[in-house]
Each structure stands twice: as C-alpha cells, then as structure tokens.
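Summary of the model geometry
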Amino acid sequence: MAERTEVVFVDGVRTPFGRAGEKGQYWNTRADDLVVKAIIGLLERNPNVPKDRIDDVAIAATTQQGDQGLTLGRTAALLAGLPKSVPGFAIDRMCAGAMTSVTTLGSGIAFGAYDLAIAGGVEHMGRHPMGFGADPNPRFLTERLVGEDALNMGSTAERIHDRFPALTKERSDRFAMRSQQKTAAAYENGKLQPDLVPVAIRSESGWGLATRDEGMRPETNMESLATLRTPFRPHGRVSAGNSSPLTDGATASLLASADAVKEFGLTPKMRMVSFAFAGVEPEIMGLGPVPSTEKALRKAGLSIDDIGLFELNEAFAIQVLSFLDHFGIDDDDPRVNKWGGAIAIGHPLAASGVRLMIQLARQFEEHPEVRYGVTAMCVGLGQGGTVIWENPNFDKRAARKA
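Conventions and cut-offs
Residues numbered from 1 in each chain as written. Predicted model: local features only at pLDDT ≥ 70, side-chain atom pairs only at ≥ 80, totals over all residues. Heavy atoms only, no water. Pairing = 2+ DSSP bridges. Helix = DSSP H or I, 4+ residues; strand = E, 2+ residues; numbered from the N terminus. Right-handed = clockwise from strand over helix to strand, strands pointing away. Expected span 1.5 Å × (residues − 1). Buried < 20%, exposed > 50% of the residue type's maximum accessible area, 1.4 Å probe, protein only. Contact = heavy atoms within 4.5 Å. 1 Å grid on protein atoms, 1.4 Å probe; cavity = no way out; pocket = protein on both sides within 12 Å on 5 of 7 lines; lining within 4 Å. Points joined across faces, edges and corners; volume = space filled by probe spheres on them. Nonpolar A, V, L, I, M, F, W, Y, C, P; charged D, E, K, R; others polar. Domains from an automatic or database assignment. Salt bridge = Lys/Arg side-chain N within 4 Å of Asp/Glu carboxyl O. Core = buried A, V, L, I, M, F, W, Y, C linked by side-chain atoms within 4.5 Å. UniProt positions renumbered as here; feature names shortened; annotations may be inferred. Polar contact = N/O pair within 3.5 Å; in protein donor to acceptor, adjacent residues only side chain to side chain.

1. Regarding the pairing of strand β4 (residues 88-91)
Where strand β3 (residues 56-60) lies against β4, four bridges are found, and the strand directions are parallel. What sits directly across from Val57, in β4, is Gly88. Crossover β3 to β4 through helix α2 (residues 72-79) is right-handed.

What follows is the structure, given as structure tokens:
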C-alpha cells in the first residue's frame, strides 16, 4: 500500500458575511452566486493553478434547496468558469459543512486520488433558515432518540449552562464582548480584509459593493449585554449578544498534494495533520468539539499543550467556554480566536469551517514560533469537528525564544 500523501491548505477566501433577512446586504443576492464569487476570487489569487487540473469541487450547504440546491459543487464549478471536465458535489454536516468539504477532499488527496481540489461552503440564512422545509422523523421524539429541544440550538446552549454552573452568563457576556473588541481591532489593523472577496449587491437604492462583515457591534459592553432578553428560556443565559447572528456568506479554499505544490510552484499556508468528528447527546451539541479534539489529538500523537493557536467557532459563547474549561484554558488566553469570532463576524452555518482555516493560516504567517493550530466547531444534532494543522513557517529558534 502506498504511503499517505501530504495534504496542504494552499489558500482560502470568503465573501464578507452579511446579516440574514430583508435588511441584510445579500437579500437580493443568490446563494450560489455568493459561492461562485468566492471560487472566482480564489482562482484569481492563484493563477498558477490550471483550471483543468482541479480534480473535484465540494461545496457544503445546510439547507439544500432552491439556490442552495442542485449539487452545489458541480453547479458552482460551472458558473465559476471551471471546465466541464471538473466534477463537483454537495455536502451537508450542518455547521461543519465546509470543514467536512475540506476533510473529505483532503482525504482524497491523502489517498492519492486528487492533486488539486476546491472545498468550501455557503449559507444564505435569509433565504433558507436552518431546518426550513425539513420533516424530521417523528420517531426521534416518540422513541426518545432526542429531546424535544435538540433541534433548537439556543436551547441546547442553555442546557450547557445547566450542566456547568461555573459557566455563568457573565462569563458568556464577557467572552462575547471580547470577541467584538478583537474583531474590531483586527479590522482596524487590516488583518481580515486581505482574504475578503468583494461582492456586488443590489438594494432599493441601487448597486453597491459588500466589502465588510455586516454584523459587527464594536460598541458592545457588559451593561448592554446584561439587558438583552433570553429568548430560549425565561431568565435564561443565552441572548442574541452572546450568540452568533443569523448570517449569509460563502467560503472557498484550495487544497493540494505535495506533488502539486512542487509542480505549480505553490506556497502552502498549512499542512493537515489530522482530523476527527465525534458525536455527543444532541441536547448538548455544543460540547461536540471536546471529544472531536481529543480524538484528533490522539490520532496526531499530540497533546493540547502542543497547540499554539485555536480558531474555535463561536456559535454561542457558552460552547467555546465549555471547551476552554475542559482543557484548562483561560477565557482570555491569547492563543484563542485572536481576531474574534462568529459572535462578531457571523456564522453562515456550512461556510464557517473554512473561515476558521483562513484566519488560522494568516496567524501562522505572523507566528513562526507556533507549530500546531486547531480549527474546531460544534455541529447541530450533537456532533463536533476538529482539524489539526501544522505551520509551514515554524521556526524552532523562534519557538525557543517564545
């Protein structure tokens, strides 16, 4: 049997993320056009890559209907100008859709079936609310396979608060406030903008250009967060302020084998070390990244102490805090979500996994003292996903100084 081929993350881009709904910047923009724009931007940034050498395109969406349906990977590839010889497919693992696109195509590269692949995701939550049109089997409830609120993500977040009293609303609010502050600082310092692909948008006032994430609230403070209602439970702890907003957006990434990197003169931004998905009780889906990270670390022969940077999806502040507490990491640890996260930037479900990777790759460039980083997220219906990456810029001397 042949040895496993090295898998590298060459590049990733995303559209600015927009608020879902009629007032959002993408209300008049099709979902498939968002991901097409991301793919075109990715290919324009990598002119050395021959389009006819792309082996496959995997695009994820959670609600696969309308302009998010019809085998998105194939339709988006055609619309983005890839040759008809390039195949494509769609993926659904709810919030971890784009992450699963990456790990699935990465596995194909490792196996030797692919040399170049495009992986990403899109979610237009304004047009396609999560679960819209779905018909869950009644046996889920009649046979008590899941609790009644397992499909309500906010309720699952409240349950984590119930399980861990030390995870207070004040801690969640403070984490959320810091996310907003870190994202605002990242924008001010030009950290996020290089990987954003502008999107032409149409509104009642005419045509415009989306160039920034729309959901940011840098003015957020503890006093304002304390006054927000808790819609999932009276006198609860989960509010709009310490949760990710409903969001529209798309991501795309280029993956390659080591041979393709040499052949086309590409510069890897990250190397895939290991990945894992794990299941937990659907009623506490936010705990999913804990077992998936433990599993990925075990497969890589690493410990949590080996990880120098974390990009954790902030579906809810409580979800990240439960992860940090489990691994003994401080709420304000500088390794975690250095440029903020989904609470400020947004969480267009199936697109978010690659957004995490884009930010980690940029941080790797700035931190040669860091060898390994993690991207991890919780997933609806009780799952977690984790990918461990190695920094190609790692410098042992820098690490010793740090």
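2. So, helix α1 (residues 31-45)
Relative to the 21 Å expected for 15 residues at 1.5 Å per residue, α1 spans 22 Å between its end C-alpha atoms, a close match to the ideal helical length. Looking only at α1, the buried set comprises Ala31, Asp32, Leu34, Val35, Val36, Ala38, Ile39, Gly41, Leu42 and Leu43. Each element contacted by the buried residues of α1 is listed here: β1 (7-14), β3, α2, β5 (116-124), β6 (199-203) and β8 (247-257).

3. Considering empty space enclosed by the protein
One pass over the structure, following the stated rule, counts one cavity of 30 Å³ or more. Reported here for the largest cavity is a volume of approximately 50 Å³. Considering the residues around the largest cavity, the lining is formed by Arg14, Lys191, Leu192, Asp195, Leu196, Trp339, Ile358, Gln359 and Arg362. The element contributing the most residues to the lining of the largest cavity is helix α12 (residues 352-366), with three residues. Grouping the constituent residues of the lining of the largest cavity by class yields four nonpolar, one polar and four charged.

4. Comments concerning the layout of surface pockets
Computed from the structure, the largest pocket encloses a volume of approximately 880 Å³. Along the walls of the largest pocket sit 34 residues, with Ala240, Ser243, Ser244, Pro245 and Leu246 positioned nearest its centre. Residue assignment for the lining of the largest pocket shows that the elements contributing at least two residues are α5 (153-163) and α7 (222-226). A class-by-class count of the residues in the lining of the largest pocket yields 19 nonpolar, 12 polar and three charged. When we break the lining of the largest pocket down by domain, the ones giving at least three residues each are domain 1 (7-126 + 245-271) and domain 2 (146-192 + 272-390). The volume enclosed by the second largest pocket comes to roughly 480 Å³. Lining the second largest pocket are 18 residues; nearest its centre among them are Met94, Gly131, Ala134, Leu151 and Leu381. By residue class, the composition of the lining of the second largest pocket is nine nonpolar, six polar and three charged. Looking at the lining of the second largest pocket, you find at least three residues from each of domain 1 (7-126 + 245-271) and domain 2 (146-192 + 272-390).

5. Some words on the pattern of salt bridges
Tallying each qualifying case throughout the model produces 26 salt bridges. Of the charged contacts, one joins Asp67 and Arg127 as a salt bridge, the two residues approaching to 3.5 Å between their closest N and O atoms. Of the two residues, Asp67 is situated in the loop between β3 and α2 and Arg127 in the loop between β5 and α4 (139-142); the sequence distance between them amounts to 60 residues. A residue is classified by how much of its surface remains accessible, and Arg127, at 33% relative accessible area, is partly exposed.

6. Some remarks on the environment of Val13
With respect to the secondary-structure elements, Val13 resides in strand β1. A sequence separation of 241 residues divides Val13 from Leu254, and the C-alpha atoms of the two residues are 9.1 Å apart. Setting aside anything within four residues of it in sequence, one finds Val13 in contact with Ala38, Gly41, Leu42, Arg45, Asp195, Val197, Thr251, Ala252 and Ile358.

7. Focus on unusual backbone geometry
The phi dihedral of His235 is positive, around 55°, even though this residue is not glycine. Its location among the elements puts His235 in the loop between α7 and β8. For His235, a relative accessible area of 83% translates into the label exposed. One non-glycine residue, Leu381, lies in positive phi territory at about 70°. Tracing the backbone through its elements, the reader meets Leu381 in the loop between β11 (372-379) and β12 (383-390).

8. Considering the nonpolar core
One finds Ile39, Ile54, Val57, Leu116, Ile118 and Val122 to be the most contacted residues of the largest nonpolar core, which totals 38 residues. Looking at this core, the elements with two or more residues in it are β1, α1, β3, α2, β5, β6, β8 and α8 (258-264). Top contributing element to this core by residue count: α1, with eight residues. Once you skip the residues sitting within four places of it in the chain, Val57 turns out to touch Ile39, Gly73, Ala77, Leu82, Val86, Pro87, Gly88, Phe89, Leu105 and Ile118.

9. Considering the UniProt feature "domain: Thiolase N-terminal" (unreviewed entry) in the chain
Within the UniProt annotation, "domain: Thiolase N-terminal" (unreviewed entry) is assigned to residues 7-258. In residues 7-258, helix accounts for 31% and strand for 19%; the two terminal C-alpha atoms are 7 Å from one another.

10. Here we look at the UniProt feature "active site" (unreviewed entry) in the chain
Taking the numbering used here, the UniProt-annotated feature "active site" (unreviewed entry) corresponds to Cys95, His347 and Cys378. Sequence-wise these annotated residues cover 284 residues; spatially they are packed, their C-alpha atoms never more than 11.8 Å apart. Residues from the annotated list that form part of the lining of the largest pocket: Cys95, His347 and Cys378. Along the chain, His347 falls in the loop between α11 (342-345) and α12. Residue classification places His347 among the buried positions, given a relative accessible area of 4%. Setting aside residues up to four positions removed in sequence, His347 forms contacts with Cys95, Met125, Ser244, Pro245, Thr247, Asn313, Ala315, Ala342, Ser352 and Met377.

11. A closer look at α5
Every α-helix winds through 3.6 residues per turn, so residues three or four apart in the chain are directed the same way. By the criterion of burial, α5 is predominantly enclosed, with eight of the 11 residues buried. Listing the buried residues of α5 in full gives Met153, Gly154, Ser155, Thr156, Ala157, Glu158, Ile160 and His161. As for α5, its buried residues are in contact with α6 (169-188) and α10 (317-326). Sitting at the head of α5, Asn152 places a side-chain oxygen 3.1 Å from the backbone nitrogen of Gly154.

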